[in-house]
Amino acid sequence: MNPNSTSSSASTALDRYEAVIGIEVHCQLKTASKMFCGCSTAYDGAEPNTHTCPVCLGLPGALPTINRRAVELVLATGAAINARTPAATRWDRKNYFYPDLPKGYQISQYDLPLAAGGSLNLDTSEGPFTVGITRAHLEEDTAKLVHAPGSNGERLSLVDFNRSGAPLMEIVTEPDIRTAEQARRYAEELQLLLRAIGASDADMERGQMRVEANVSLRRGGTEPFGTRVEVKNMNSFRSVERAITFEIERQATLIDAGDELVMETRGWSDDRGETYRMRAKETSDDYRYFPEPDLPPLRVDPAWLQEIRAALPELPALRRARYRDELGLSPYDAAVLVADPDASRLFEATLAAGAGLDPKSVANWVTGDYLRIRNAAPSEAAPHADPLQVGTLVRLVVDGAISRVNAKEVLEAHVVSGQAVASIVAERGFRQISDVDALGAIVDAVIAANPSAAADIRGGKGQAIGFLVGQVMKETRGQANAVVVQAAIRARLGDGGAA
Amino acid sequence: MTTDLTRQAAHEMALALRDGSVSARDLAVAHLEAAERQNRALNAWLTIDRPAALAQADATDARLAAARRDGPAAIAALHPLHGIPVALKDLISVEGGQCTAGSRILEGYRSPYDAHIVERLRAAGAVFLGKTNMDEFAMGSSNEYSAYGPVSNPWDLNTVPGGSSGGSAAVVAAHHTPLSLGTDTGGSIRQPAALCGIVGMKPTYGRVSRYGIVAFASSLDQLGPFARNARDAAALLHAIAGRDERDSTSAPIPVPDELLQLPASDDEAAAWLRGKRFGLPREYFVAGMDPDVERRIRESVAFIEDAGATVEEVSLPHTDYGLAAYYIVAPAEASANLARYDGVRFGQSRRLEAADFIADYLATRGEGFGAEVKRRIMLGTYALSAGYYDAFYVKAQKVRTLIKRDFDRVFATGIDALVAPTSPTVAFRFGARLADPVSMYLSDACTLPVNMAGLPGVSIPCGLSEGLPVGLQLIGPAWSEPVLFRAARAFEGVTAAATWRDQEPTDLGLADDASGPTPAQRAAARAAR
């Protein structure tokens, strides 16, 4: 993967200090309805306050009911990170006042999360790394505050409750992470995992996955943790890495100068490339958690958990290992394929459809040309490749029936239009002529028509072969097998200083 | 049959509706007139919705007429509550209607949806007359904590009807409606039922859906019926009980039809008592109990024994800790449940110029909530705060478990039900307990352990003390409502000849005085003394 190294200044800071980083991720679960009511979660782009009901508006008398699918997705996540699920868990109320929190409390999980004590393995530029995961729990999202000037120019804060009560999973790591790269890789790997098990679309730009980092420095690995700063508003993997790199440097500079660090929450500004103070955390917030009396304790049936575990798909780390170890792909190709579910699907399906195809050739086509074509195509064109067609194409290239250059054009045409490979090849006359006799006649004619070039070759000027090959190609509208043509020319005019 | 329709029992009205001698409109009109005439004196109604009630009555009359055309089977298929007037405590959501919960902060709020029990009552064909007064957010035992003024007890207009469902109890006692609904978190149905001389039941926690009911303390709140007799109360419970998918704490326990089959005959009802075993919890005869109230309870026990049942003294040793534990658990839950009243989405709202939202919250809540509600929010917030949580909330929950175990142990010995006082005293005068919150809290000493244990309890009239009603409380194991109602009906049977049974609330005549003082004026006059 992109081995985007940490900046040099942070590397210097890390020579003097050890960074201690923990990550909290909130991700929106992929359910049809909200966490505690029947309102649809398909509110993206909808008019404000059109996906609401008494429950998610927190009206008097409304009561929550549990979304079973959301629980299932957290249990699946827990199973995927090898976490424990307690036999009995429960819901708690987290109390605080804010206009985006309609009930004045958030239904969450405090001391009995649905998943506890898991881990996630990642590859970094410095080798494999394991991040301990403290817990994953389920809670509800808040509404969205929109600040806008009113008709008289006054300051207005508007509340859109469409998001209110959407299911959120919070995943908290141990303070295991030591570098900004590890933090970014953790977020990337977690996204892959969540997508693989269908728990979340986990799109950071769309707020489906929100990453917060707790960063502190200490001089030695055995010292107590330093003053912790929480960093928010990182809206891409790149900003996760940049923000943490910046924060490590900022803290190191302060400590070097003998300044006291304060516990605070800082936001990341992508434009300015720096973190800024959002609020100080002088005391820890008292959320007065207590068990949610409107919901009974949740007992997880071991048989259900077993079913969920059995239904888990192949997880990204295992899939990468299989691609490398069983199919012989390079670590790079394996990582690229696994990072892109569409590419990975195409790769697997092509192998399944075309018996005897070499996995490395297929991987090359998928990770190279296919991804380039798909990513360049306008999304409304719904670029798509049929595994059977891709298999056909790879085989044509391997068999020498079509040139690589033409094959790229065929793939592009197929991905954009969906037309079958055979028909594109036929329509465009891309089938390669490799027949020695047929090509021999054309070669003879070309030599006869270009005596000076022929003389050059005879005289040892090998570069003129290219010109003659080009002429043969012209005659055959590009269908001639260049290798065969070259051999034929050499047979007739001598080796001509072939390099 | 008496000519005054308001003097009938609901089950008598049901018969009259079926034989066509009376219409749902006749019933609605008679009750609306009584309610409108006397509400100045009682202040028990916060709204009397004549047009809506008449429209509902006409619709039920039309269905009744259609059923009559379709034959006896169609008539028999009608719910016993079809066409019967019902009053709703003003914390029950009715689509398009006000729902103040007795609080200033919900003034002007109109619920956009029906509570589950409202849907059920609509389906049964009940006719809603209006919404009744209550202590703010159901916090109180006298109805004096209503933001809309106190309610007078029809037995003595200078006394309270009890609370928090004071309005719902008073309107049934005053014959403004045969039936009403209340909620009971620590005694808020049973205590006012006792003080107003009527039947009031708090069902088993989970028996009735709380969906659409303004919450006070979620793990304790339960809806229940008021009526002037056991049969009517049981029929109303039957109409509202049962699992509701929207309340995760409502139990998937079938609603027994036995609730509709209580004996009509007093003798048959009384005969049920033969061989039954009752327990008399020693700890419920608390210090500060009115000796005359205790006498009525002991006399009732004698009635029960005379009918062939045994009554044995039992012990519920953790009863004394009930009040303290309750006043941790209930305010803790309330402190969160009432956080939604922030003025952002509904109800009263204060907007301060150029202030942050916290200032708006403080102003909205500071002005919108009454003193008792604030007291409980503070109690609950304190009990849940870091450093106090284990010492208060966790400990109170442990006490709760012990209280529940006390009951389990007694019922495990084969006791059918417990007999106890409902309230240590009869109705008290306005202002008598306002100065000392703990004296007010003690009103519920005999009822709140039942909520802590999640059990059903019913209060039934058992005589008068110096002219004011005394309530007898029957407490049973979970889901034993049919047994409790059988026992209640049996008690009606064995006391059928008692003179107090026929006595109407003493001050009902006074309540007709359109120029007399309002309860607020009476309370103010008392306070001035």
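Residues numbered from 1 in each chain as written. Chains lettered and ligands numbered in written order. Predicted model: local features only at pLDDT ≥ 70, side-chain atom pairs only at ≥ 80, totals over all residues. Heavy atoms only, no water.

The next point concerns the overall build of chain B. Counting secondary structure elements, chain B contains 18 helices and eleven strands. Taken over the C-alpha trace, chain B has a radius of gyration of 22 Å; the compact-globule value for 529 residues is 24 Å, and the two agree within 12%. Along the first, second and third principal axes, the C-alpha atoms of chain B reach 70 × 55 × 50 Å. The long-range share in chain B, meaning contacts at least 24 apart out of those at least 6 apart in sequence, stands at 76%. A total of about 17900 Å² of accessible surface is found on chain B, and carbon and sulfur atoms cover 55% of it. (Helix = DSSP H or I, 4+ residues; strand = E, 2+ residues; numbered from the N terminus. Rg over C-alpha atoms; globule rule 2.2 N^0.38 Å. Contact = heavy atoms within 4.5 Å. Areas by Shrake-Rupley, 256 points an atom, 1.4 Å probe, with all protein chains shown as cover.)

Let us now look at the packing of helix H3 (residues 180-196) of chain A against helix H4 (residues 237-256) of chain A. All names here are of chain A. Close contact between H3 and H4 brings their axes to 8 Å; oriented N to C, the two are set at 155°. Judged by the angle between their axes, H3 and H4 are roughly antiparallel. Like other packed secondary-structure pairs, H3 and H4 cross with a definite hand, here right-handed. In this structure, H3 contributes Ala180, Glu181, Ala183, Arg184, Ala187, Glu188 and Gln191 to the contact, and H4 contributes Phe237, Val240, Glu241, Ile244 and Thr245. In terms of residue class, the contact of H3 with H4 is made up of six nonpolar, two polar and four charged. (Axes fitted to C-alpha atoms, helices over the stretch in contact; angles between N-to-C directions. Parallel < 35°, antiparallel > 145°, perpendicular 65-115°, else oblique. Left-handed = near helix turned anticlockwise from the far one by under 90°. Nonpolar A, V, L, I, M, F, W, Y, C, P; charged D, E, K, R; others polar.)

Turning our eyes to something else, we now look at the pairing of strand S9 (residues 417-421) of chain B. Residues and elements named next belong to chain B. The element S9 is extensively covered by neighbouring structure, given that five of its five residues are classed as buried. The two faces of S9 match: Ala417, Val419 and Pro421 on one face and Leu418 and Ala420 on the other face are all buried. Alignment of strand S7 (residues 277-281) against S9, held across two bridges, turns out to be parallel. Pairing of Gly279 across the sheet is with Leu418, part of S9. In the sheet, S9 pairs with strand S11 (residues 468-475) via four bridges, with the strands oriented antiparallel. Looking at S11, one finds that Pro421 is bridged to Leu472. (Buried < 20%, exposed > 50% of the residue type's maximum accessible area, 1.4 Å probe, protein only. Pairing = 2+ DSSP bridges.)

Our focus in this paragraph is the domain arrangement of chain B. All names here are of chain B. When the domains of chain B are assigned, the result is domain 1 (5-319 + 401-528) and domain 2 (321-395). A C-alpha centroid distance of 28 Å is found between domain 1 and domain 2. Contact with domain 1, which involves 29 residues of that partner, is made by 25 residues of domain 2. Interface area for domain 1 against domain 2, summed over the two sides, is near 2500 Å², with a carbon-plus-sulfur share of 68%. On the surface where domain 1 and domain 2 come into contact, there are zero salt bridges. The interface formed by domain 1 and domain 2 includes 14 residue pairs in polar contact (both at pLDDT 80 or more). Elements supplying a minimum of two residues to the side of domain 1 that touches domain 2: helix H15 (437-441) and helix H16 (448-453). Tallied by class, residues from the side of domain 1 that touches domain 2 come to 18 nonpolar, eight polar and three charged. (Domains from an automatic or database assignment. Buried area = accessible area lost by both parts, 1.4 Å probe. Salt bridge = Lys/Arg side-chain N within 4 Å of Asp/Glu carboxyl O. Polar contact = N/O pair within 3.5 Å; in protein donor to acceptor, adjacent residues only side chain to side chain.)

As summarised here, the arrangement of the three strands in space is S4-S3-S14 (chain A), forming an open sheet in which the pairing is antiparallel. Here the strands that pair on one side only, and so sit at the sheet edges, are strand S4 (105-108) and strand S14 (290-291) of chain A.

Okay, the side chain of Thr319 of chain B next. Residue and element names in this part refer to chain B. As for its placement among the helices and strands, Thr319 is situated in helix H11 (residues 319-337). Thr319 sits in the buried class, given a relative accessible area of 9%. A polar side-chain atom of Thr319 sits 2.6 Å from the main-chain carbonyl oxygen of Leu316. Not counting residues up to four positions away in its chain, the partners in contact with Thr319 are Glu283, Tyr284, Asp406 and Pro449.

Residues and elements named next belong to chain B. Along the polypeptide, Asn43 turns up in the loop between helix H2 (24-42) and strand S1 (45-48). Within the local environment of Asn43, its side chain forms a polar contact with the backbone oxygen of Tyr148, the two atoms lying 3.0 Å apart. Within the structure, the side chain of Asn43 is placed 3.3 Å from the backbone oxygen of Gly149, a separation counted as a polar contact. Not counting the four nearest positions on each side in its chain, Asn43 is found in contact with Asn133, Tyr148, Gly149, Pro150, Val151 and Pro519.

For the rest of this paragraph, the subject is the nonpolar core. Side chains of a nonpolar character, in soluble globular proteins, are inclined to be buried together. Judged by nonpolar contacts, the single largest core of 254 residues is most densely connected at Tyr186 of chain A together with Leu121, Phe137, Phe278 and Phe407 of chain B. The element contributing the most residues to this core is H11 of chain B, with ten residues. Those residues within four positions of Phe137 of chain B in sequence are excluded, and the remaining contacts are Ala101, Ser103, Ile105, Leu106, Val214, Phe216, Leu338, Tyr341, Phe369 and Val373 of chain B. Residues Val336, Val366, Val421 and Val425 of chain A belong to the second largest nonpolar core, which totals 36 residues. (Core = buried A, V, L, I, M, F, W, Y, C linked by side-chain atoms within 4.5 Å.)

With that settled, consider the environment of Ser248 of chain B. With respect to the helices, strands and loops of the structure, Ser248 of chain B is situated in the loop between helix H8 (230-240) and helix H9 (266-271). The spacing of Ser248 of chain B and Ser209 of chain B is 39 residues in sequence and 8.7 Å in space, taken between C-alpha atoms. Residue contacts for Ser248 of chain B: discarding those within four places in its chain leaves Pro64, Thr65, Asp294, Leu295 and Pro296 of chain A together with Arg243 of chain B. There is a polar contact of 3.2 Å between the side chain of Ser248 of chain B and the backbone oxygen of Pro64 of chain A.

This next bit is on helix H13 (residues 436-449) of chain A. One full turn of an α-helix is made of 3.6 residues, so residues set three or four places apart face in the same direction. Residue and element names in this part refer to chain A. With 14 residues, H13 extends 20 Å between its outermost C-alpha atoms, agreeing within 8% with the 20 Å of an ideal straight helix rising 1.5 Å per residue. Regarding H13, the residues found buried are Leu439, Gly440, Val443, Val446 and Ile447. Seen end-on, H13 carries its buried residues on one side only, within an arc spanning 130°. Exposed and facing more than 90 degrees away from the buried side of H13 are Asp437, Ala448 and Ala449. Along its buried surface, H13 packs onto helix H14 (451-458), helix H15 (464-475) and helix H16 (482-493). N-capping of H13 is provided by Asp435, with a side-chain oxygen placed 3.3 Å from the backbone N of Asp437. (Expected span 1.5 Å × (residues − 1). Arc of directions from axis to C-beta.)

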